[in-house]
2 protein chains.
Amino acid sequence: MRRVEFAELQGRIELVLLALGIAPARAALGAKLIAETDRDGVRTHGVARLPRFAQWIQSGMIDPRAGPEKVAGFGAIERWTGRRGPGNLAAYSAMQRAMELAREHGLGCVALADTSHWMRAGTYGWQAADAGFAALCWSNTLPNMPPWGAGSAALGNNPLVIAVPRRVLSPGEGAGRSAPIVLDMAMSQFSYGALASYRARGEALPVPGGYNEYGRLTTDAAAIERSQRALPIGYWKGSGLAFVLDVLAAMLSGGLATHDLSPDPLKEVGQSQVFLAIAPSSVETMEELSRFAQGASVAQRAVDALHAAKPIHSGEPVRYPGEGTLRSREESLLRGVAVEDEAWEAFVKLELELSHA
Amino acid sequence: MRRVEFAELQGRIELVLLALGIAPARAALGAKLIAETDRDGVRTHGVARLPRFAQWIQSGMIDPRAGPEKVAGFGAIERWTGRRGPGNLAAYSAMQRAMELAREHGLGCVALADTSHWMRAGTYGWQAADAGFAALCWSNTLPNMPPWGAGSAALGNNPLVIAVPRRVLSPGEGAGRSAPIVLDMAMSQFSYGALASYRARGEALPVPGGYNEYGRLTTDAAAIERSQRALPIGYWKGSGLAFVLDVLAAMLSGGLATHDLSPDPLKEVGQSQVFLAIAPSSVETMEELSRFAQGASVAQRAVDALHAAKPIHSGEPVRYPGEGTLRSREESLLRGVAVEDEAWEAFVKLELELSHA
């Protein structure tokens, strides 16, 4: 593990994106989103993903020059295509557009077809909540999880994000600062990235994460990697949730469903996504903002109630979704962004390759 | 277990609702929704819940005469209050209104404050999908589940419904028939109703459902009832999901959050709920309906792909959310609605009490 200054990390990622053929303003935004992912401690989905992103571009799966385009619209809902451009840029635009629609209609929805991997799902929740919007968004993925009752992958682990804006009210914690509640969860109990990381550390999973070769639930990450039978959260429940999110994304966007996507991660492109924003203007109309200002925020009270729950392990208070992120962010800005050695070496190798190209 | 003809069941429930002070048209709708719940095989949330519903009315927690009212609105989003009337009637109205808004704006949202228990969550998903709308809705509940990391209840098991309309395309299965995908899931792995039922049958849970008195995960339903530590689906993930759904419902509706609700089920009233509908008109604009008609429905293809997954136990194919419901429904209409003896006896006792009142 090493620490890299945020500005340096962002700058070097930007050069890589430019070298991959992404236009300047888009490369700057892309680099910001990726560096922020590492800054926020989501190390599986930041700079560690750049080599694969480069492969997707180099193999022609992703067109670095393609930006998203509107296909159709009706009132507060629009259908866009990502034109198989960089998925994080398309997703960012889609959430921006959903917020514009929400400003006008109270609610806004953009369904995005034919995009590519959006990298860190939570990015678009933070984007909305920091702008004062509540948001839901999700993506389908390649088939990487067996449905409940089946032995082989037929569902994606389709990440779901729900974000609620919140401003800190107490002066001690930096009043006025955006500290939203942001849930970012995939439908498998552990991602394959997380399984690989437990296996490499020789650690058992804290709870069963899938099945071994004999069809028994196990905490052995390597056994799950071998069986390729990752467990949906809540068994049949996460299996059902992954399925409806996939169908809804494909139906609203007019795009591909999980069963249409290649099971080969090197060929994973064409995902469908949904971005739903709820506007602060509608909340304002409903006198919600004045409640915010008066310090009686619903979110604040809910966070306080959660923090008041008696922890099982004293000294380890219950946390709300997104709370750990702010801590990682502060530490990254103070001490530099933590990057795993292996990820850093792969990144430096990519820089070198591109500078010789 | 006994079988009661659907029309008889509905008629007798209607008389009970009338005797409880609910106006005729509303009693008819309420009876239909409750009888349909048993018809669809969701026996924990149908006629079995009527004695408690009667208690809520008799103790003044629920006002049988109160109907929902609009409080505020902005474009496609409205805030309503349930005025602590019967929760299933208010939820039904809220979803109807969300669909009207969606017809106009493409999307529609009603946030409902100060309502009461909506009984079967899936009801409002079927309502929307049968009318050709996609829908998401959820409710908060009293605190009945510990957040991840805490030893006592501070979260609700907040049921979430996601519904996708689907028409059967093959003539053999009754082409044109509505066979939507309807996910109806609470955030706990098992409800307390389900735990009681496993305990009564002396059966172990199929997967761990919570903690015993010693803080260990267990499949012993009675031990979980004693510890009151039900497990969120996916451990930390379901805990986070329950929390954001609660905050979003309370914030959008301007109503109560879980921590504001009494932990006593006899005093559970004032819930907040969200109803979100997506209109077929917007889908139509996007040429989706013509795809439906051409037999290339996204939902149909996704269902076909799911059914094609190789089952772990041969002869037990993978099912989509809602699939079992249609089977229960058909059987109920053919053979009569199955009602547990205990629930039936309590219902007959309630009928008698009300006829003497």
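Structure first, text after, so check above.
This one's a predicted model, so the numbers in the text were calculated from it and none came from an experiment.

J.: Looking at this structure, I do not really get the overall build of chain A. What am I missing?
T.: Each helix and strand counted, chain A has 13 helices and 11 strands in total. For 357 residues, the compact-globule estimate of 2.2 N^0.38 gives 21 Å, and the C-alpha radius of gyration of chain A, at 20 Å, lies within 12% of that figure. Its C-alpha atoms put chain A at 55 × 50 × 45 Å along the principal axes. Considering only residue pairs separated by 6 or more positions, chain A has 66% of its internal contacts joining residues 24 or more positions apart. Charged side chains of chain A number 35 positive and 37 negative; the gap between the two group centres comes to 2 Å.

J.: Any chance you could explain the pairing of strand β7 (residues 181-185) of chain B here in plain terms?
T.: Consecutive residues of a regular strand have side chains that alternate between opposite faces of the sheet. All names here are of chain B. The element β7 is extensively covered by neighbouring structure, given that 4 of its 5 residues are classed as buried. Across 5 bridges, strand β6 (residues 160-164) lies against β7 in antiparallel orientation. Within β7, the position partnered with Val164 by the bridge is Ile181.

J.: Please explain the sheet that holds strand β4 (residues 107-115) of chain B as it appears in this structure.
T.: In any sheet, the strands associate via hydrogen bonds between backbone groups, in a parallel or an antiparallel arrangement. All names here are of chain B. In spatial order, the strands read β2-β3-β4-β10-β5-β6-β7; together these 7 strands make up an open sheet with mixed pairing. Strands with a single pairing partner mark the edges of an open sheet, and in this sheet they are β2 (69-74) and β7. This sheet shows a mean twist of 10° between the axes of neighbouring strands, independent of strand direction. Taken together, the 7 bridges between β4 and strand β10 (residues 271-278) define a ladder with antiparallel strand orientation.

J.: Which parts of the structure should I look at to understand the environment of His259(B)?
T.: Its place among the elements puts His259(B) in the loop between α8 (236-253) and β10. The exposure class assigned to His259(B) is partly exposed, which follows from its relative accessible area of 31%. Taking the C-alpha atoms as reference points, His259(B) and Ala154(B), 105 residues apart in sequence, are found 6.7 Å from one another. For His259(B), the contacting residues outside a window of four places in its chain are Arg301(A), Ala302(A) and Ala305(A). Of note is the side chain of His259(B), whose polar atom sits 3.4 Å from the side chain of Asp260(B).

J.: So what exactly am I meant to see when it comes to the relation of the copies chain A and chain B here?
T.: What connects the two chain copies is a rotation about an axis and a shift along it. Aligned on chain B, chain A shows an RMSD of 0.0 Å; the corresponding rotation is 180° and the shift along the axis is 0.0 Å. The superposition of one copy onto the other is thereby described by a two-fold rotation axis. Judged by C-alpha distance, Gly234(A) is the residue of chain A that lies nearest the rotation axis, at 2.4 Å. In this assembly the copies share their binding face: 100% of the residues contributing to the interface of chain A also contribute to that of chain B.

J.: Mind showing me how you'd approach the interface of chain A and chain B here?
T.: Accessible area lost during the coming together of the parts is what is often quoted as the interface size. In this complex, chain A contributes 81 residues to the contact, which on the side of chain B involves 81 residues. Between chain A and chain B the total buried area reaches about 6700 Å² when both faces are included, carbon and sulfur atoms providing 77% of it. Summed over the shared surface of chain A and chain B, the number is 2 salt bridges. For Arg301(B), the salt bridge goes to Asp260(A), with nearest N and O atoms at 3.1 Å. The tally of links between chain A and chain B comes to 14 residue pairs in polar contact (both at pLDDT 80 or more). Counting residues per element, the side of chain A that touches chain B draws most heavily on helix α8 (residues 236-253) of chain A, which supplies 12 residues. Split into classes, the residues belonging to the side of chain A that touches chain B amount to 54 nonpolar, 16 polar and 11 charged.

J.: Is there a simple way to think about the packing of helix α1 (residues 6-19) of chain B against helix α13 (residues 341-356) of chain B in this case?
T.: When two helices pack together, their arrangement is given by the angle between their axes and by how far apart the axes lie. All names here are of chain B. Two elements in contact, α1 and α13, have axes whose closest approach is 10 Å; the angle formed by their N-to-C orientations is 45°. Comparing their axes, α13 and α1 come out oblique. Every pair of crossing elements has a handedness; the one defined by α1 and α13 is left-handed. Within the contact between the two elements, α1 uses Leu9, Arg12, Ile13, Val16 and Ala19 and α13 uses Trp344, Phe347, Val348, Leu350, Glu351 and Leu354.

Rules used throughout
- Residues numbered from 1 in each chain as written.
- Chains lettered and ligands numbered in written order.
- Predicted model: local features only at pLDDT ≥ 70, side-chain atom pairs only at ≥ 80, totals over all residues.
- Heavy atoms only, no water.
- Helix = DSSP H or I, 4+ residues; strand = E, 2+ residues; numbered from the N terminus.
- Rg over C-alpha atoms; globule rule 2.2 N^0.38 Å.
- Contact = heavy atoms within 4.5 Å.
- Lys, Arg positive; Asp, Glu negative; His and termini not counted.
- Charge placed at Lys NZ, Arg CZ, Asp CG, Glu CD.
- Buried < 20%, exposed > 50% of the residue type's maximum accessible area, 1.4 Å probe, protein only.
- Pairing = 2+ DSSP bridges.
- Axes fitted to C-alpha atoms, helices over the stretch in contact; angles between N-to-C directions.
- Polar contact = N/O pair within 3.5 Å; in protein donor to acceptor, adjacent residues only side chain to side chain.
- Least-squares fit on C-alpha atoms with pLDDT ≥ 70 in both.
- Buried area = accessible area lost by both parts, 1.4 Å probe.
- Salt bridge = Lys/Arg side-chain N within 4 Å of Asp/Glu carboxyl O.
- Nonpolar A, V, L, I, M, F, W, Y, C, P; charged D, E, K, R; others polar.
- Parallel < 35°, antiparallel > 145°, perpendicular 65-115°, else oblique.
- Left-handed = near helix turned anticlockwise from the far one by under 90°.

Interpretation in functional terms is not warranted from these geometric data alone.
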